[in-house]
Amino acid sequence: MAKAATKPAKSEGGAPVPRLKERFESEILPAMREKFGRQNRLALPRIEKIVVSMGVGSAMSDKKHIEEAASAMTDLTGQKALICKARKSIANFRLREGVAIGCKVTLRGARMYEFLDRLIAIALPRVRDFRGLKLDAFDGHGNYSLGLTEQLVFPELNPDKYLRPQGMNIAICIAGDSDDESRELLRLFGLPFRNPDEVAA
């Protein structure tokens, strides 16, 4: 028993367990059980997946832009990006059905926790004039969305390789239907929300 306790935590693939996952199990779950008065972990909010997406409107005129965006997303998430194509033609936007207009990645498990860790600890503090995340960006079902205007806040991306400014949307999908409970979960993870007093002012 003592030998097993001294071994570092490993995931199913043999890699170390992400820091935020360990924190969720050891600190966040007990704190939520106490706050919400529920012992069943399945009755508590938990992050199911994170969807990172990029809309690349300029790809309609230059196909290289979509390839560059997909490459950047693969570099910063560690997972191959899926190219998204237009479902229908829209004449006003000169958009034809089947044209590539964006890319996305759906992260689960260890990669999800690692991406969230880098977002909180590295990327958000590098955003210019950052004053905290909006408190009201929940969708009514407990899911939270945020946008970044510049992909280079992630240090994994080489600024000499990715010269064109490109933003992204990040959707954090949470099990449960309560915005308030999801907000508390993300706060315990360390997401820097704005001070409610500042918002009111």
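Parameters at a glance
Residues numbered from 1 in each chain as written. Predicted model: local features only at pLDDT ≥ 70, side-chain atom pairs only at ≥ 80, totals over all residues. Heavy atoms only, no water. Helix = DSSP H or I, 4+ residues; strand = E, 2+ residues; numbered from the N terminus. Buried < 20%, exposed > 50% of the residue type's maximum accessible area, 1.4 Å probe, protein only. Contact = heavy atoms within 4.5 Å. Areas by Shrake-Rupley, 256 points an atom, 1.4 Å probe, with all protein chains shown as cover. Axes fitted to C-alpha atoms, helices over the stretch in contact; angles between N-to-C directions. Parallel < 35°, antiparallel > 145°, perpendicular 65-115°, else oblique. Left-handed = near helix turned anticlockwise from the far one by under 90°. Pairing = 2+ DSSP bridges. 1 Å grid on protein atoms, 1.4 Å probe; cavity = no way out; pocket = protein on both sides within 12 Å on 5 of 7 lines; lining within 4 Å. Points joined across faces, edges and corners; volume = space filled by probe spheres on them. Nonpolar A, V, L, I, M, F, W, Y, C, P; charged D, E, K, R; others polar.

A. Spatial organisation of the overall build of the protein. Secondary structure summary: the protein contains 6 helices and 5 strands in total. Of the regular secondary structure in the protein, the N- to C-terminal order runs α-α-β-α-β-β-α-β-β-α-α. Counting only residues that meet the buried cut, the protein has 37% of its 201 residues in that class. The contacts of the protein with a sequence gap of at least 6 include a subset with a gap of at least 24, amounting to 66%. Working note: accessible area of the protein is about 12,400 Å², and carbon and sulfur atoms make up 50% of it.

B. Inspection of the packing of helix α2 (residues 19-36) against helix α5 (residues 179-189) at higher detail. Taken N-terminus to C-terminus, the directions of α2 and α5 make an angle of 135°; their axes are 10 Å apart at the nearest point. The orientation of α2 with respect to α5, classified from their angle, is oblique. Classified by chirality, the crossing of α5 by α2 is right-handed. For the pair α2 and α5, contact is made by Leu 20, Arg 23, Phe 24, Ile 28, Ala 31, Met 32, Lys 35 and Phe 36 and by Glu 181, Glu 184, Leu 185, Leu 188 and Phe 189, respectively.

C. Here's a closer look at the sheet that holds strand β3 (residues 100-107). Strand order in the open sheet made by the 5 strands is β2-β3-β1-β5-β4, with antiparallel pairing throughout. The two strands at the open ends of the sheet, each matched to only one other strand, are β2 (82-85) and β4 (144-148). Ignoring strand direction, the axes of neighbouring strands in this sheet form an average angle of 25°. Across 6 bridges, the pairing between strand β1 (residues 46-55) and β3 is antiparallel. Of the residues in β3, the one forming a bridge with Gly 55 is Gly 102.

D. Spotlight on unusual backbone geometry. With a phi angle near 55°, Asp 129 is a residue other than glycine that sits in the positive phi range. Along the polypeptide, Asp 129 turns up in the loop between α4 (109-123) and β4. Looking at Asp 129, the relative accessible area reads 67%, which means it is exposed.

E. Broad picture of the layout of surface pockets. If you add up the space inside the largest pocket, you get close to 310 Å³. For the lining of the largest pocket, the residue count by class is 8 nonpolar, 4 polar and 5 charged.

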